[in-house]
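These are the residues of each chain, in order.
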Amino acid sequence: MIRRPPRSTQGVSSAASDVYKRQETDYARQCFREYHMLPDATGHFAALYRPTHMIGLELGISVASIALRGEPTGSPTGFRSDVVAVAKRDLKKGEILDGEGGHMVWGKQIPANRSLTLGGLPLGLASHAALTKDVRAGKFLSWDDAAIDTKDQAVIIRREMDAIGGQEITMPVVHPAEIWQQTGRWYEVGSEMSRFQDKNDRDMVLAMTHEEVVADLVSREIKSYKQLPQLVYQIQTKFRDEYRPRFGVLRSREFQMKDAYSFDLDTAGLDRSYQAMYDAYCRIFQRCGLPYQVVEAESGPIGGSASHEFMVPSDNGEDQVLHCESCGYAANRERAEVGKISDKSGPTSEDDLMETVDTPGTKTIDQVCELLGCTSDQMIKTLIYRADDRTIAVLVRGDHEANESKITRALDAEKLTLAEESTIREVTGAPVGFAGPIGIQCEVIVDQSVGVMKNAVTGANQENAHLRGVNPVRDFAFTQTMDLRFAEAGDLCPRCSGTMDMQQCIEVGHVFKLGTKLSLIHI
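Residues numbered from 1 in each chain as written. Predicted model: local features only at pLDDT ≥ 70, side-chain atom pairs only at ≥ 80, totals over all residues. Heavy atoms only, no water.

### Observations regarding the overall build of the chain
Logical step 1: Along the backbone of the chain there are 13 helices and 28 strands.
Logical step 2: Within the chain, buried positions represent 45% of all 523 residues.
Logical step 3: Looking at the chain alone, contacts between residues at least 24 apart form 66% of all its contacts between residues at least 6 apart.
Logical step 4: For the chain, the computed accessible surface area is about 26400 Å², with 48% contributed by carbon and sulfur atoms. (Helix = DSSP H or I, 4+ residues; strand = E, 2+ residues; numbered from the N terminus. Buried < 20%, exposed > 50% of the residue type's maximum accessible area, 1.4 Å probe, protein only. Contact = heavy atoms within 4.5 Å. Areas by Shrake-Rupley, 256 points an atom, 1.4 Å probe, with all protein chains shown as cover.)

### Comments concerning unusual backbone geometry
Logical step 1: L228 connects to P229 through a cis peptide bond whose omega is 0 degrees.
Logical step 2: Among the structural elements, P229 can be located in the loop between helix 8 (211-221) and strand 14 (230-239).
Logical step 3: The phi dihedral of D201 falls on the positive side, at around 65 degrees, and the residue is not glycine.
Logical step 4: Residue class for D201 comes out exposed when judged on its relative accessible area of 57%.

### Regarding helix 9 (residues 267-287)
Logical step 1: The terminal C-alpha atoms of helix 9 lie 30 Å apart, and with 21 residues this matches the ideal 30 Å at 1.5 Å per residue to within 8%.
Logical step 2: Among the residues making up helix 9, those that are buried are G269, S273, Y274, M277, A280, Y281, C282, I284 and F285. (Expected span 1.5 Å × (residues − 1).)

### Quick word on the pairing of strand 22 (residues 390-397)
Logical step 1: Of all eight residues in strand 22, six are buried; the element is thus mostly enclosed.
Logical step 2: Sheet analysis places strand 21 (residues 380-387) next to strand 22, joined by eight bridges and oriented antiparallel. If you follow R386 over to strand 22, its bridge partner there is T391.
Logical step 3: Between strand 21 and strand 22, which pair antiparallel one after the other, the connecting turn spans two residues, and D388 there sits at a positive phi close to 55 degrees.
Logical step 4: When strand 22 meets strand 24 (residues 443-447), the two strands line up parallel, connected through four bridges. Residue V394 lies in a different strand from strand 24, and its bridge partner there is I445. (Pairing = 2+ DSSP bridges.)

### Description of helix 8
Logical step 1: If you check which residues of helix 8 are buried, you get E211, E212, V213, V214, A215, D216 and V218.
Logical step 2: Packing partners of the buried residues in helix 8 comprise strand 11 (174-176), helix 6 (177-183), helix 7 (185-188), strand 14, strand 15 (254-263) and strand 28 (500-513).

### Concerning the sheet that holds strand 20 (residues 355-358)
Logical step 1: Taken together, three strands build an open sheet; the order of strands is 20-26-25 and the sheet is antiparallel. Two strands bound the open sheet, and with one partner strand each, they are strand 20 and strand 25 (456-459). The sheet shows a mean angle of 30 degrees between the axes of neighbouring strands, direction not considered.
Logical step 2: Direction of pairing for strand 25 relative to strand 26 (residues 465-470): antiparallel, over a ladder of four bridges. For V457, the partnering residue across the bridge sits in strand 26 and is R468. (Axes fitted to C-alpha atoms, helices over the stretch in contact; angles between N-to-C directions.)

### Topic: the nonpolar core
Logical step 1: The biggest cluster of nonpolar side chains holds 19 residues, and the ones touching the most others in it are M161, M277, Y281, I284, F285, F310 and V511.
Logical step 2: Top element by residues in this core is helix 9. It accounts for seven residues.
Logical step 3: The next biggest cluster of nonpolar side chains, apart from the first, holds 15 residues, and it includes M171, V205, M208 and Y261. (Core = buried A, V, L, I, M, F, W, Y, C linked by side-chain atoms within 4.5 Å.)

### So, the packing of aromatic side chains
Logical step 1: Taken as a whole, this structure holds seven aromatic pairs when the rule is applied.
Logical step 2: Ring centres of F476 and F478 lie 5.8 Å apart, and the angle between their planes is 40 degrees; this geometry places the pair in the tilted category.
Logical step 3: F476 sits in the buried class, given a relative accessible area of 6%.
Logical step 4: For F478, a relative accessible area of 22% translates into the label partly exposed.
Logical step 5: Taken together, the ring pairs connect Y278, Y281, F285, Y292 and F310 into an aromatic cluster.
Logical step 6: Above the face of the W186 ring, R195 is positioned so that its terminal group lies 4.7 Å from the ring centre.
Logical step 7: Stacked on the ring of Y274, the Lys or Arg K513 has its end atom at 5.1 Å from the ring centre. (Phe/Tyr/Trp six-rings, centres within 6.5 Å; stacked < 30°, edge-to-face > 60°. Lys NZ or Arg CZ within 6 Å of the ring centre and 35° of its normal.)

### Remarks on a negative patch on the surface
Logical step 1: On the surface, D388, D389, D412 and E414 cluster together into a negatively charged patch.
Logical step 2: Within the fold, D388 resides in the loop between strand 21 and strand 22. (Patch = residues over 30% accessible without salt bridge, like charges linked within 9 Å, V, L, I, M, F, W, Y side chains within 5 Å. Salt bridge = Lys/Arg side-chain N within 4 Å of Asp/Glu carboxyl O. Lys, Arg positive; Asp, Glu negative; His and termini not counted. Charge placed at Lys NZ, Arg CZ, Asp CG, Glu CD.)

### Topic: the sheet that holds strand 10 (residues 167-168)
Logical step 1: In space, the three strands of this open sheet follow the order 10-14-15, with mixed pairing throughout. Pairing within the sheet leaves two strands with one partner each, and these edge strands are strand 10 and strand 15.
Logical step 2: With two bridges connecting them, strand 10 and strand 14 associate as parallel partners. What sits directly across from Q167, in strand 14, is V232.

Here you go:
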(Lines give C-alpha, C1' and ligand atoms only; values in the text may rest on other atoms or scores of the structure.)
Protein backbone atom coordinates (compact mmCIF):
# COMPACT_ATOMS: atom_id res chain seq x y z
CA MET A 1 0.00 0.00 0.00
CA ILE A 2 1.27 3.48 -0.89
CA ARG A 3 1.49 5.71 2.18
CA ARG A 4 1.30 9.48 1.80
CA PRO A 5 4.05 11.34 3.75
CA PRO A 6 3.18 14.31 5.99
CA ARG A 7 1.68 17.22 4.01
CA SER A 8 3.10 20.00 6.20
CA THR A 9 6.61 20.79 7.42
CA GLN A 10 5.68 23.76 9.59
CA GLY A 11 7.27 23.75 13.04
CA VAL A 12 9.89 21.13 12.19
CA SER A 13 13.63 21.44 11.90
CA SER A 14 15.46 21.93 8.63
CA ALA A 15 16.81 18.39 8.79
CA ALA A 16 13.33 17.00 9.35
CA SER A 17 12.03 19.09 6.48
CA ASP A 18 14.65 17.54 4.19
CA VAL A 19 13.53 14.11 5.33
CA TYR A 20 9.94 14.96 4.45
CA LYS A 21 11.02 16.17 1.00
CA ARG A 22 12.82 12.88 0.40
CA GLN A 23 9.72 11.02 1.57
CA GLU A 24 7.66 13.07 -0.90
CA THR A 25 10.06 12.05 -3.66
CA ASP A 26 9.75 8.38 -2.67
CA TYR A 27 5.97 8.77 -2.67
CA ALA A 28 6.09 10.24 -6.18
CA ARG A 29 8.19 7.26 -7.26
CA GLN A 30 5.59 4.83 -5.91
CA CYS A 31 2.77 6.77 -7.58
CA PHE A 32 4.60 6.61 -10.87
CA ARG A 33 5.06 2.85 -10.60
CA GLU A 34 1.35 2.35 -9.89
CA TYR A 35 -0.30 5.09 -11.97
CA HIS A 36 2.37 6.22 -14.51
CA MET A 37 0.92 9.74 -14.51
CA LEU A 38 -0.08 12.50 -12.09
CA PRO A 39 -3.15 14.41 -13.36
CA ASP A 40 -4.17 17.85 -12.21
CA ALA A 41 -7.91 18.30 -11.83
CA THR A 42 -7.64 21.67 -13.64
CA GLY A 43 -6.42 20.03 -16.84
CA HIS A 44 -2.65 19.99 -16.23
CA PHE A 45 -0.77 16.74 -16.30
CA ALA A 46 2.65 15.85 -14.94
CA ALA A 47 4.61 13.18 -16.75
CA LEU A 48 6.99 11.40 -14.39
CA TYR A 49 9.94 9.83 -16.15
CA ARG A 50 11.54 9.47 -12.72
CA PRO A 51 10.53 11.12 -9.45
CA THR A 52 13.39 13.61 -9.84
CA HIS A 53 12.40 14.64 -13.37
CA MET A 54 8.91 15.98 -14.01
CA ILE A 55 7.49 18.01 -16.86
CA GLY A 56 4.40 20.17 -16.47
CA LEU A 57 2.30 19.98 -19.63
CA GLU A 58 -1.19 21.10 -20.51
CA LEU A 59 -2.83 18.35 -22.53
CA GLY A 60 -6.52 18.33 -21.73
CA ILE A 61 -6.78 14.79 -23.17
CA SER A 62 -5.26 11.38 -22.57
CA VAL A 63 -1.52 11.63 -21.95
CA ALA A 64 0.95 9.84 -24.18
CA SER A 65 2.71 8.01 -21.34
CA ILE A 66 -0.49 6.22 -20.38
CA ALA A 67 -1.35 5.38 -23.97
CA LEU A 68 2.17 4.08 -24.58
CA ARG A 69 1.54 1.49 -21.92
CA GLY A 70 -1.45 0.23 -23.81
CA GLU A 71 -4.07 1.77 -21.52
CA PRO A 72 -7.40 3.01 -22.95
CA THR A 73 -7.54 6.54 -24.29
CA GLY A 74 -9.64 9.22 -22.63
CA SER A 75 -9.25 10.88 -19.25
CA PRO A 76 -7.70 8.52 -16.70
CA THR A 77 -9.89 7.65 -13.75
CA GLY A 78 -9.34 6.28 -10.29
CA PHE A 79 -6.56 8.68 -9.28
CA ARG A 80 -6.60 9.67 -5.63
CA SER A 81 -7.02 13.31 -4.67
CA ASP A 82 -3.66 13.40 -2.90
CA VAL A 83 -1.96 12.29 -6.14
CA VAL A 84 -3.71 15.13 -7.96
CA ALA A 85 -2.50 17.50 -5.27
CA VAL A 86 1.14 16.58 -5.89
CA ALA A 87 0.90 17.61 -9.54
CA LYS A 88 -1.08 20.73 -8.75
CA ARG A 89 1.27 21.89 -6.04
CA ASP A 90 4.62 21.09 -7.59
CA LEU A 91 4.32 21.75 -11.30
CA LYS A 92 3.74 24.76 -13.50
CA LYS A 93 2.87 24.51 -17.17
CA GLY A 94 5.90 24.15 -19.40
CA GLU A 95 8.44 23.89 -16.56
CA ILE A 96 10.84 21.08 -15.76
CA LEU A 97 11.94 19.69 -12.45
CA ASP A 98 15.50 18.37 -12.45
CA GLY A 99 16.76 16.12 -9.70
CA GLU A 100 19.72 16.95 -7.48
CA GLY A 101 20.53 14.44 -4.77
CA GLY A 102 16.90 13.37 -4.55
CA HIS A 103 15.62 16.96 -4.18
CA MET A 104 13.33 18.78 -6.60
CA VAL A 105 14.73 22.00 -8.07
CA TRP A 106 13.34 24.20 -10.84
CA GLY A 107 15.05 23.71 -14.17
CA LYS A 108 14.96 25.55 -17.47
CA GLN A 109 12.02 25.89 -19.84
CA ILE A 110 11.49 23.37 -22.63
CA PRO A 111 13.92 24.42 -25.41
CA ALA A 112 12.25 26.49 -28.10
CA ASN A 113 13.47 24.27 -30.94
CA ARG A 114 11.74 21.28 -29.33
CA SER A 115 8.43 22.97 -28.60
CA LEU A 116 5.94 21.63 -31.10
CA THR A 117 2.83 19.51 -31.24
CA LEU A 118 2.08 16.05 -32.61
CA GLY A 119 -1.55 15.14 -33.05
CA GLY A 120 -2.51 17.83 -30.56
CA LEU A 121 0.00 16.63 -27.92
CA PRO A 122 2.92 18.92 -26.96
CA LEU A 123 6.13 17.28 -28.10
CA GLY A 124 8.06 18.67 -25.17
CA LEU A 125 7.01 15.32 -23.72
CA ALA A 126 7.96 13.27 -26.77
CA SER A 127 11.37 14.93 -27.09
CA HIS A 128 12.00 14.53 -23.33
CA ALA A 129 12.75 18.25 -23.01
CA ALA A 130 15.78 18.74 -20.79
CA LEU A 131 16.35 14.98 -20.46
CA THR A 132 18.31 15.00 -23.72
CA LYS A 133 21.40 17.04 -24.48
CA ASP A 134 22.66 18.17 -27.87
CA VAL A 135 26.15 16.87 -28.60
CA ARG A 136 26.12 18.24 -32.14
CA ALA A 137 23.28 19.25 -34.46
CA GLY A 138 21.04 16.22 -34.83
CA LYS A 139 22.97 14.07 -32.33
CA PHE A 140 21.94 13.67 -28.69
CA LEU A 141 22.85 11.97 -25.47
CA SER A 142 20.04 11.14 -23.06
CA TRP A 143 19.72 10.32 -19.40
CA ASP A 144 18.28 6.93 -18.54
CA ASP A 145 15.15 8.78 -17.45
CA ALA A 146 14.48 9.83 -21.03
CA ALA A 147 14.55 6.21 -22.20
CA ILE A 148 11.59 5.03 -20.14
CA ASP A 149 8.90 5.98 -22.67
CA THR A 150 11.07 4.65 -25.51
CA LYS A 151 11.32 1.30 -23.75
CA ASP A 152 7.56 1.23 -23.24
CA GLN A 153 7.01 1.85 -26.94
CA ALA A 154 9.46 -0.94 -27.74
CA VAL A 155 7.41 -3.34 -25.60
CA ILE A 156 4.29 -2.56 -27.64
CA ILE A 157 6.18 -2.90 -30.92
CA ARG A 158 7.76 -6.22 -29.96
CA ARG A 159 4.43 -7.69 -28.86
CA GLU A 160 2.73 -6.74 -32.11
CA MET A 161 5.64 -7.95 -34.25
CA ASP A 162 5.80 -11.24 -32.36
CA ALA A 163 2.03 -11.65 -32.76
CA ILE A 164 2.36 -11.78 -36.57
CA GLY A 165 5.26 -14.24 -36.46
CA GLY A 166 8.21 -11.85 -36.42
CA GLN A 167 11.65 -12.98 -35.24
CA GLU A 168 13.76 -10.30 -33.60
CA ILE A 169 17.35 -10.00 -34.78
CA THR A 170 20.07 -7.38 -34.40
CA MET A 171 21.99 -6.32 -37.50
CA PRO A 172 25.23 -4.35 -37.44
CA VAL A 173 25.38 -0.57 -37.65
CA VAL A 174 28.60 -0.66 -39.73
CA HIS A 175 28.26 -2.30 -43.16
CA PRO A 176 30.85 -3.33 -45.74
CA ALA A 177 30.56 -1.21 -48.88
CA GLU A 178 30.35 -4.31 -51.08
CA ILE A 179 26.73 -5.08 -50.25
CA TRP A 180 25.70 -1.50 -51.05
CA GLN A 181 27.70 -1.55 -54.27
CA GLN A 182 26.00 -4.80 -55.20
CA THR A 183 22.55 -3.16 -55.11
CA GLY A 184 23.81 0.05 -56.74
CA ARG A 185 22.79 2.30 -53.86
CA TRP A 186 26.44 3.01 -53.01
CA TYR A 187 26.48 5.08 -56.20
CA GLU A 188 22.89 6.40 -56.06
CA VAL A 189 22.69 7.72 -52.49
CA GLY A 190 24.23 11.12 -51.91
CA SER A 191 25.93 12.79 -48.97
CA GLU A 192 23.32 11.61 -46.46
CA MET A 193 25.13 8.26 -46.47
CA SER A 194 28.17 8.34 -44.17
CA ARG A 195 31.13 6.52 -45.69
CA PHE A 196 34.52 5.82 -44.14
CA GLN A 197 37.45 3.43 -44.35
CA ASP A 198 38.62 1.00 -41.69
CA LYS A 199 42.26 0.50 -40.73
CA ASN A 200 42.73 -1.83 -43.70
CA ASP A 201 41.47 0.84 -46.11
CA ARG A 202 38.24 -1.04 -46.81
CA ASP A 203 35.19 1.11 -47.59
CA MET A 204 32.50 0.97 -44.93
CA VAL A 205 29.03 2.50 -44.41
CA LEU A 206 27.12 3.69 -41.34
CA ALA A 207 23.67 2.11 -41.54
CA MET A 208 21.02 4.46 -42.87
CA THR A 209 18.80 1.42 -43.46
CA HIS A 210 19.28 -2.36 -43.44
CA GLU A 211 17.74 -3.78 -46.65
CA GLU A 212 21.15 -4.70 -48.05
CA VAL A 213 22.24 -6.50 -44.89
CA VAL A 214 19.05 -8.51 -44.41
CA ALA A 215 18.88 -9.53 -48.09
CA ASP A 216 22.48 -10.75 -47.90
CA LEU A 217 21.73 -12.61 -44.66
CA VAL A 218 18.64 -14.40 -45.95
CA SER A 219 20.30 -15.31 -49.25
CA ARG A 220 22.87 -17.29 -47.27
CA GLU A 221 20.56 -18.78 -44.64
CA ILE A 222 17.46 -19.77 -46.61
CA LYS A 223 18.21 -22.97 -48.52
CA SER A 224 14.73 -24.13 -49.56
CA TYR A 225 11.30 -22.67 -50.38
CA LYS A 226 10.04 -24.83 -47.51
CA GLN A 227 11.70 -22.35 -45.12
CA LEU A 228 9.43 -19.56 -46.37
CA PRO A 229 7.73 -17.33 -45.38
CA GLN A 230 10.04 -15.50 -42.99
CA LEU A 231 9.59 -12.24 -41.10
CA VAL A 232 12.46 -10.64 -39.19
CA TYR A 233 12.58 -7.31 -37.39
CA GLN A 234 14.90 -5.23 -35.25
CA ILE A 235 15.02 -2.04 -33.21
CA GLN A 236 18.38 -0.64 -34.16
CA THR A 237 20.37 2.57 -34.58
CA LYS A 238 20.40 4.37 -37.93
CA PHE A 239 22.53 7.31 -39.06
CA ARG A 240 21.50 9.66 -41.85
CA ASP A 241 23.49 12.83 -42.38
CA GLU A 242 20.40 15.02 -42.73
CA TYR A 243 20.85 18.47 -44.19
CA ARG A 244 18.44 20.02 -41.70
CA PRO A 245 18.01 18.15 -38.42
CA ARG A 246 15.05 19.79 -36.68
CA PHE A 247 12.94 19.78 -33.53
CA GLY A 248 15.34 18.01 -31.20
CA VAL A 249 15.03 14.23 -31.19
CA LEU A 250 12.07 14.26 -33.58
CA ARG A 251 14.33 14.53 -36.64
CA SER A 252 17.93 13.78 -35.83
CA ARG A 253 20.90 12.38 -37.67
CA GLU A 254 21.26 9.41 -35.31
CA PHE A 255 18.07 7.65 -34.25
CA GLN A 256 16.49 4.30 -33.46
CA MET A 257 14.07 2.66 -35.84
CA LYS A 258 12.00 -0.48 -35.87
CA ASP A 259 12.43 -2.02 -39.31
CA ALA A 260 10.94 -5.35 -40.42
CA TYR A 261 11.49 -7.45 -43.54
CA SER A 262 9.33 -10.25 -44.91
CA PHE A 263 10.38 -12.96 -47.37
CA ASP A 264 7.70 -14.83 -49.28
CA LEU A 265 7.42 -17.49 -51.95
CA ASP A 266 5.17 -15.54 -54.33
CA THR A 267 3.18 -12.35 -54.83
CA ALA A 268 0.19 -13.72 -52.92
CA GLY A 269 2.47 -14.31 -49.94
CA LEU A 270 3.84 -10.78 -50.25
CA ASP A 271 0.29 -9.43 -50.17
CA ARG A 272 -0.49 -11.39 -46.99
CA SER A 273 2.69 -10.22 -45.26
CA TYR A 274 2.02 -6.62 -46.29
CA GLN A 275 -1.51 -6.71 -44.88
CA ALA A 276 -0.31 -8.30 -41.64
CA MET A 277 2.30 -5.57 -41.17
CA TYR A 278 -0.24 -2.87 -42.09
CA ASP A 279 -2.67 -4.16 -39.46
CA ALA A 280 0.10 -4.48 -36.85
CA TYR A 281 1.10 -0.84 -37.39
CA CYS A 282 -2.51 0.23 -36.90
CA ARG A 283 -2.64 -1.62 -33.58
CA ILE A 284 0.69 -0.12 -32.46
CA PHE A 285 -0.42 3.45 -33.07
CA GLN A 286 -3.84 2.81 -31.56
CA ARG A 287 -2.19 1.50 -28.39
CA CYS A 288 0.07 4.55 -28.35
CA GLY A 289 -2.95 6.84 -28.52
CA LEU A 290 -1.78 8.59 -31.69
CA PRO A 291 -4.47 10.08 -33.98
CA TYR A 292 -2.87 8.56 -37.06
CA GLN A 293 -4.05 8.53 -40.66
CA VAL A 294 -3.01 5.97 -43.28
CA VAL A 295 -2.20 7.54 -46.65
CA GLU A 296 -0.98 6.37 -50.03
CA ALA A 297 2.72 7.14 -50.46
CA GLU A 298 5.78 6.88 -52.65
CA SER A 299 8.14 4.03 -51.85
CA GLY A 300 11.15 6.32 -52.09
CA PRO A 301 14.48 5.67 -53.81
CA ILE A 302 14.32 1.92 -53.14
CA GLY A 303 11.12 1.58 -55.20
CA GLY A 304 8.28 -0.87 -54.78
CA SER A 305 4.79 -1.54 -56.12
CA ALA A 306 2.68 -0.31 -53.19
CA SER A 307 3.31 1.94 -50.22
CA HIS A 308 1.42 3.43 -47.27
CA GLU A 309 2.56 5.93 -44.68
CA PHE A 310 1.14 6.39 -41.20
CA MET A 311 0.78 10.11 -40.56
CA VAL A 312 0.00 12.17 -37.46
CA PRO A 313 -1.30 15.74 -37.96
CA SER A 314 1.12 18.43 -36.78
CA ASP A 315 1.53 22.09 -37.70
CA ASN A 316 5.29 21.47 -37.56
CA GLY A 317 5.25 18.42 -39.82
CA GLU A 318 7.40 18.34 -42.94
CA ASP A 319 5.04 16.09 -44.88
CA GLN A 320 1.89 17.32 -46.60
CA VAL A 321 -1.16 15.12 -46.97
CA LEU A 322 -4.00 15.65 -49.46
CA HIS A 323 -7.34 14.43 -48.16
CA CYS A 324 -10.86 14.31 -49.57
CA GLU A 325 -13.62 14.61 -46.97
CA SER A 326 -16.22 13.26 -49.39
CA CYS A 327 -14.74 9.83 -50.09
CA GLY A 328 -11.83 9.52 -47.63
CA TYR A 329 -9.05 9.45 -50.24
CA ALA A 330 -5.73 10.42 -48.63
CA ALA A 331 -2.20 10.51 -50.01
CA ASN A 332 1.17 12.05 -49.33
CA ARG A 333 1.66 15.08 -51.58
CA GLU A 334 4.48 13.25 -53.37
CA ARG A 335 1.97 10.56 -54.38
CA ALA A 336 -1.39 12.37 -54.47
CA GLU A 337 -3.19 12.21 -57.80
CA VAL A 338 -5.18 15.07 -59.30
CA GLY A 339 -8.71 14.47 -60.56
CA LYS A 340 -9.43 14.72 -64.28
CA ILE A 341 -9.84 18.31 -65.48
CA SER A 342 -12.48 19.00 -68.13
CA ASP A 343 -12.21 21.83 -70.67
CA LYS A 344 -15.24 24.10 -70.15
CA SER A 345 -13.89 27.19 -71.92
CA GLY A 346 -15.04 26.28 -75.44
CA PRO A 347 -13.03 26.07 -78.68
CA THR A 348 -10.17 28.43 -79.50
CA SER A 349 -10.95 31.30 -81.83
CA GLU A 350 -8.86 31.59 -84.96
CA ASP A 351 -8.75 35.32 -84.30
CA ASP A 352 -6.60 34.75 -81.20
CA LEU A 353 -3.26 35.10 -82.93
CA MET A 354 0.03 33.92 -81.52
CA GLU A 355 2.78 36.54 -81.44
CA THR A 356 6.45 36.74 -80.50
CA VAL A 357 7.37 39.33 -77.88
CA ASP A 358 10.79 40.51 -76.78
CA THR A 359 11.66 39.54 -73.19
CA PRO A 360 15.32 40.50 -72.75
CA GLY A 361 17.01 39.11 -69.63
CA THR A 362 13.87 37.34 -68.35
CA LYS A 363 14.70 33.76 -67.48
CA THR A 364 12.21 33.11 -64.67
CA ILE A 365 8.41 32.90 -64.51
CA ASP A 366 8.21 35.92 -62.20
CA GLN A 367 10.38 38.06 -64.46
CA VAL A 368 8.29 37.25 -67.55
CA CYS A 369 5.02 37.88 -65.69
CA GLU A 370 6.24 41.28 -64.48
CA LEU A 371 7.35 42.33 -67.97
CA LEU A 372 4.26 41.10 -69.87
CA GLY A 373 1.67 41.86 -67.20
CA CYS A 374 0.41 38.29 -66.96
CA THR A 375 0.07 35.84 -64.07
CA SER A 376 1.93 32.59 -63.54
CA ASP A 377 -1.20 30.46 -64.16
CA GLN A 378 -1.26 31.91 -67.72
CA MET A 379 2.22 30.58 -68.50
CA ILE A 380 3.32 27.20 -69.85
CA LYS A 381 6.52 26.05 -68.18
CA THR A 382 8.74 23.78 -70.30
CA LEU A 383 11.16 21.54 -68.38
CA ILE A 384 13.76 19.47 -70.21
CA TYR A 385 14.67 16.07 -68.70
CA ARG A 386 16.83 13.10 -69.49
CA ALA A 387 14.81 9.94 -68.92
CA ASP A 388 17.30 7.09 -69.20
CA ASP A 389 18.67 7.69 -72.72
CA ARG A 390 15.81 9.94 -73.96
CA THR A 391 15.39 13.71 -73.90
CA ILE A 392 11.88 14.72 -72.84
CA ALA A 393 10.12 18.10 -72.59
CA VAL A 394 7.56 18.24 -69.78
CA LEU A 395 4.87 20.94 -69.92
CA VAL A 396 3.22 22.15 -66.70
CA ARG A 397 1.36 25.33 -65.84
CA GLY A 398 3.56 28.15 -64.59
CA ASP A 399 2.14 28.15 -61.05
CA HIS A 400 2.42 24.37 -60.68
CA GLU A 401 5.38 22.23 -59.62
CA ALA A 402 6.41 19.23 -61.72
CA ASN A 403 6.33 15.92 -59.82
CA GLU A 404 9.34 13.90 -60.90
CA SER A 405 7.96 10.67 -59.41
CA LYS A 406 4.86 10.97 -61.60
CA ILE A 407 6.97 11.86 -64.63
CA THR A 408 9.21 8.84 -64.05
CA ARG A 409 6.19 6.52 -63.87
CA ALA A 410 4.57 8.10 -66.94
CA LEU A 411 7.73 7.47 -68.96
CA ASP A 412 8.37 4.05 -67.41
CA ALA A 413 11.92 5.27 -66.80
CA GLU A 414 14.55 3.95 -64.42
CA LYS A 415 16.34 7.27 -63.98
CA LEU A 416 15.16 10.85 -64.43
CA THR A 417 17.39 13.94 -64.25
CA LEU A 418 17.13 17.51 -65.42
CA ALA A 419 18.97 17.98 -68.71
CA GLU A 420 22.34 19.70 -68.92
CA GLU A 421 22.51 23.18 -70.50
CA SER A 422 24.17 21.73 -73.60
CA THR A 423 21.22 19.36 -74.12
CA ILE A 424 18.74 22.21 -73.67
CA ARG A 425 20.53 24.29 -76.32
CA GLU A 426 20.56 21.29 -78.64
CA VAL A 427 16.77 20.72 -78.53
CA THR A 428 15.62 24.36 -78.23
CA GLY A 429 18.31 26.38 -79.99
CA ALA A 430 18.26 28.78 -77.06
CA PRO A 431 19.85 29.16 -73.63
CA VAL A 432 18.15 28.08 -70.42
CA GLY A 433 15.02 30.09 -69.64
CA PHE A 434 13.45 30.37 -73.10
CA ALA A 435 12.25 26.82 -73.83
CA GLY A 436 8.78 26.24 -75.24
CA PRO A 437 6.82 23.44 -76.93
CA ILE A 438 6.54 24.99 -80.39
CA GLY A 439 9.34 23.76 -82.62
CA ILE A 440 11.21 21.92 -79.87
CA GLN A 441 13.31 19.02 -81.14
CA CYS A 442 12.39 16.28 -78.66
CA GLU A 443 9.46 14.28 -77.33
CA VAL A 444 6.87 16.30 -75.40
CA ILE A 445 4.50 15.18 -72.61
CA VAL A 446 1.76 17.47 -71.31
CA ASP A 447 0.19 17.89 -67.89
CA GLN A 448 -3.61 17.94 -68.01
CA SER A 449 -3.78 21.50 -66.68
CA VAL A 450 -1.85 22.70 -69.76
CA GLY A 451 -4.21 20.91 -72.13
CA VAL A 452 -7.12 23.23 -71.20
CA MET A 453 -5.19 26.52 -71.27
CA LYS A 454 -6.13 29.34 -73.64
CA ASN A 455 -3.94 32.19 -74.96
CA ALA A 456 -0.99 31.19 -72.82
CA VAL A 457 2.55 32.56 -72.66
CA THR A 458 5.58 30.30 -73.16
CA GLY A 459 9.18 30.33 -74.33
CA ALA A 460 9.87 30.96 -78.02
CA ASN A 461 12.94 28.69 -78.23
CA GLN A 462 15.05 31.71 -79.03
CA GLU A 463 17.06 33.94 -76.75
CA ASN A 464 15.27 36.92 -75.16
CA ALA A 465 11.88 36.02 -76.65
CA HIS A 466 8.56 34.48 -75.59
CA LEU A 467 5.33 33.62 -77.39
CA ARG A 468 1.98 35.11 -76.37
CA GLY A 469 -1.48 33.83 -77.38
CA VAL A 470 -0.41 30.17 -77.48
CA ASN A 471 -3.20 27.59 -77.58
CA PRO A 472 -2.58 23.86 -77.12
CA VAL A 473 -3.69 21.57 -79.97
CA ARG A 474 -3.94 24.51 -82.39
CA ASP A 475 -0.32 25.58 -81.96
CA PHE A 476 1.38 22.38 -80.86
CA ALA A 477 0.22 18.79 -81.10
CA PHE A 478 -0.03 16.08 -78.45
CA THR A 479 -1.98 12.84 -78.22
CA GLN A 480 -2.91 12.83 -74.54
CA THR A 481 -2.47 14.68 -71.27
CA MET A 482 -1.25 13.20 -68.00
CA ASP A 483 -1.10 13.99 -64.29
CA LEU A 484 2.49 15.23 -63.98
CA ARG A 485 2.40 17.75 -61.14
CA PHE A 486 2.16 17.98 -57.36
CA ALA A 487 -1.40 18.21 -56.07
CA GLU A 488 -2.54 21.35 -54.26
CA ALA A 489 -5.32 22.20 -51.82
CA GLY A 490 -8.53 22.73 -53.77
CA ASP A 491 -7.64 20.25 -56.55
CA LEU A 492 -10.24 17.74 -57.68
CA CYS A 493 -10.23 14.37 -55.93
CA PRO A 494 -9.15 11.51 -58.24
CA ARG A 495 -11.73 9.14 -56.68
CA CYS A 496 -14.88 11.28 -56.59
CA SER A 497 -16.22 14.69 -57.57
CA GLY A 498 -15.08 16.36 -54.34
CA THR A 499 -12.10 18.61 -53.73
CA MET A 500 -9.08 17.93 -51.54
CA ASP A 501 -7.68 19.84 -48.61
CA MET A 502 -4.06 19.71 -47.46
CA GLN A 503 -2.56 19.52 -43.97
CA GLN A 504 0.90 19.25 -42.43
CA CYS A 505 1.77 15.88 -40.88
CA ILE A 506 4.64 13.91 -39.38
CA GLU A 507 5.39 10.43 -40.69
CA VAL A 508 5.52 7.88 -37.87
CA GLY A 509 5.48 4.67 -39.90
CA HIS A 510 5.86 3.36 -43.46
CA VAL A 511 5.17 0.02 -45.12
CA PHE A 512 5.91 -0.82 -48.74
CA LYS A 513 6.13 -3.74 -51.13
CA LEU A 514 9.72 -3.93 -52.27
CA GLY A 515 9.13 -6.90 -54.57
CA THR A 516 12.14 -8.76 -55.98
CA LYS A 517 14.49 -5.82 -56.51
CA LEU A 518 17.00 -6.94 -53.85
CA SER A 519 16.35 -10.67 -53.78
CA LEU A 520 17.08 -11.14 -57.51
CA ILE A 521 20.56 -9.73 -56.97
CA HIS A 522 21.43 -12.73 -54.79
CA ILE A 523 20.17 -15.43 -57.17
